[in-house]
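Examination of the molecular architecture
Chain by chain, the residues run as shown.
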Amino acid sequence: MKTSRRTKGEGSIIQLTNGKWRARIECEPVDGKRKWLSKTCDTKTEAIKALKVLERKQADAKQVKEFKGDFANLVAAYLEHCKLKGTRESTLIRYNSGLKFWLELFKHKKVDKINVADINHGIQIQHQQQRALSTMHMELTVLSQVFNFAIDCTYISLNPVKKAAKPKKSAFKNKQGELKVISHEEHKLISNYLKERYIKEFVEKHSPTAPSRFYIIYNLTYVTGLRIGEVAALKWEDINEHTGTLSINKQLNIQNKIVPPKTERSVRTIAISREMLSKLKELKGYYEAQGFKSEFIFPRNSTDNKPFTTQTIRNAFNITIKALNINKPFTFHSIRHTHATELIENKIPITVVSERLGHASIMITLEIYAHPTPASRLRAASVCKIVA
């Protein structure tokens, strides 16, 4: 047996009786017992390289011990790191929201003590709380980013989220995807109900509430596919009647602040139908008659130059769905989803659909919004013909 010994603490390379080579380095004792990191290789050259890897692992392990903070400290450090990188405020808000559950669970727990079993325990609690699978997946993604940050900082050496029993993305996509499309019959039912309410409450009684004006909000979203924050932030100056276009260059975030859109490609100018332009022009006329002074298309009332909050708009949609006894898991975002699906169903080029929605890439459009509908399935069944 040949031994290539190095200075104490730097490890050793030994040739075994079977001709192979073993690289070994001693670690810190555990409970008074000596411990080693080792790697067996076919050649001495490989063993030398392996020893260098083992030395780096040992160095990382020593650095990990220097971090004494708890999970709350780690989250604070991660969010500060994101701010320094220039992460959007809307994204930081989403991160804060996504980490609330895990902060409550691990708040004062030492970072290096959080393991896969702890993550699985949290996932089990979320299942018991009947949390939406999509929400669980989003929160675990953010949590994984926090632990990856800890690894980059050499606070820990392994990410416990990676080996956890995470819900598969396909599970909640298959479960929720098709239900989010509003059918033609449902659209007609919703639109007729809202039109009647619009005339009675806003036009005739001058009620400035969100439900009374939701007829315009709903139909504008249906024909443009705008995100809820983009709808809320719209101003009259964003409409160009001569070109028949609508400029999207801002959004209202959940803190009720006007901020830039979600991505660079979310800044866009899209065509809008003459029918919808007419509805908006009509609304502006009612505003002038009722003394509205706001620059926003959907202000809170006649004297306030602030737009409806996104939560107010969501509530108006939920009130409508409940009033019509539509027992499907629709959200306001379902209107955008429906717009995209309708365009694809009507053979509008995917490049145009993606541009209209303000997506960062065509693949996002295909992955999220191109869901099969009953109509497309029927057409698919009749494409291939039997020769008589």
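Analysis parameters
Residues numbered from 1 in each chain as written. Predicted model: local features only at pLDDT ≥ 70, side-chain atom pairs only at ≥ 80, totals over all residues. Heavy atoms only, no water. Helix = DSSP H or I, 4+ residues; strand = E, 2+ residues; numbered from the N terminus. Contact = heavy atoms within 4.5 Å. Areas by Shrake-Rupley, 256 points an atom, 1.4 Å probe, with all protein chains shown as cover. Axes fitted to C-alpha atoms, helices over the stretch in contact; angles between N-to-C directions. Parallel < 35°, antiparallel > 145°, perpendicular 65-115°, else oblique. Left-handed = near helix turned anticlockwise from the far one by under 90°. Nonpolar A, V, L, I, M, F, W, Y, C, P; charged D, E, K, R; others polar. Salt bridge = Lys/Arg side-chain N within 4 Å of Asp/Glu carboxyl O. Buried < 20%, exposed > 50% of the residue type's maximum accessible area, 1.4 Å probe, protein only. Pairing = 2+ DSSP bridges. Phe/Tyr/Trp six-rings, centres within 6.5 Å; stacked < 30°, edge-to-face > 60°. Patch = residues over 30% accessible without salt bridge, like charges linked within 9 Å, V, L, I, M, F, W, Y side chains within 5 Å. pLDDT = per-residue confidence, 0-100. Core = buried A, V, L, I, M, F, W, Y, C linked by side-chain atoms within 4.5 Å. Bend = angle between axes of the 7 residues up to and from the residue. Expected span 1.5 Å × (residues − 1).

1. Some points on the overall build of the chain
The secondary structure content of the chain amounts to 15 helices and nine strands. Pairs at least 24 apart in sequence give 60% of the contacts found in the chain among residues at least 6 apart. Entry remark: accessible area of the chain is about 22,300 Å², with carbon and sulfur atoms responsible for 53%.

2. Side note on the packing of helix α4 (residues 116–128) against helix α5 (residues 133–152)
Pairs of packed helices are described in terms of their axes, by the angle between the two and the distance that separates them. Packing of α4 against α5 leaves a shortest axis separation of 11 Å and a crossing angle of 160°. When the axes of α4 and α5 are compared, the pair comes out roughly antiparallel. Between α4 and α5 the crossing geometry is right-handed. The residues of α5 that touch α4, namely those facing I119, I123, Q126 and H127, are L133, M136, E139, L140, L143 and F147. Its residues placed into classes, the contact of α4 with α5 shows seven nonpolar, two polar and one charged.

3. What to know about the pattern of salt bridges
Summed over all chains, the structure comprises 11 salt bridges. We note a salt bridge from K257 to E89, for which the minimum N-O separation is 3.6 Å. In this pair, K257 is assigned in the loop between β7 (251–252) and β8 (258–259) and E89 in helix α3 (residues 89–106), connecting sequence segments 168 residues apart. Assessed through its relative accessible area of 44%, K257 is described here as partly exposed. A salt bridge links E186 to K328; the shortest N-O distance between them is 2.9 Å.

4. What about the sheet that holds strand β5 (residues 239–240)?
Strand order across the open sheet formed by three strands is β5-β6-β9, with antiparallel pairing between neighbours. Both edges of this open sheet fall to β5 and β9 (268–271), since each of them pairs with a single strand only. One ladder, built from two bridges, connects β5 with strand β6 (residues 245–248); its direction is antiparallel. Its bridge partner being in β6, N240 is matched across the sheet by T245.

5. A few points about the packing of aromatic side chains
Scanning the entire structure with this criterion turns up 19 aromatic pairs. When the ring of Y198 is compared with that of Y215, the centres are 5.4 Å apart and the planes differ by 35°; the resulting orientation is tilted. Here the residue Y198 occupies a position in helix α7 (residues 184–204), and Y215 occupies one in helix α8 (residues 210–224), the gap between them amounting to 17 residues. Like Y215, Y198 is buried.

6. A look at a nonpolar patch on the surface
A cluster of nonpolar side chains, namely I362, M363 and L366, defines an oily patch on the protein surface of about 270 Å² accessible area. Note on L366: relative accessible area 39%, which makes it partly exposed.

7. Some details on the confidence of the model for the chain
Averaged over all residues, the pLDDT of the chain equals 86, while 88% of them reach at least 70. When mean pLDDT is taken per element in the chain, α8 scores highest with 97 and helix α6 (residues 169–176) scores lowest with 49. Counting interchain partners and residues more than four positions distant, the pLDDT-below-50 stretch residues 171–177 has 10 contacts.

8. Considerations on the nonpolar core
Membership of the largest hydrophobic core comes to 44 residues, with the highest contact counts inside it found for F214, L280, L283 and F298. With eight residues, α8 is the single largest residue contributor to this core. Filtering out sequence-adjacent residues up to four positions away, L280 remains in contact with I216, L220, W236, I239, I272 and I297. Counting residues in hydrophobic clusters, the runner-up holds 28 residues, among them L74, V75, C82 and F147.

9. Brief notes about the packing of α7 against α8
Where α7 contacts α8, the axes come no closer than 7 Å and their chain directions differ by 140°. Here α7 is positioned oblique relative to α8, judged by the angle of their axes. In this structure, α7 crosses over α8, and the sense of that crossing is left-handed. Contacts from H187, I190, S191, L194, K195, R197, Y198, E201 and F202 of α7 reach α8 at P211, S212, R213, F214, Y215, I216, Y218, N219 and Y222. Across the contact of α7 with α8, the residue classes tally to 10 nonpolar, four polar and four charged.

10. Quick notes on α8
At I216, α8 is deflected by roughly 30°, the largest bend along its length. Of all 15 residues that make up α8, 14 are buried, and the element is covered over most of its length.

11. So, α5
With 20 residues, α5 extends 28 Å from end C-alpha to end C-alpha; this agrees with the ideal 28 Å at 1.5 Å per step. Within α5, burial applies to L133, M136, E139, L140, V142, L143, S144, V146, F147, F149 and A150. Directly after α5, the chain includes T154, whose backbone phi takes a positive value near 60°.

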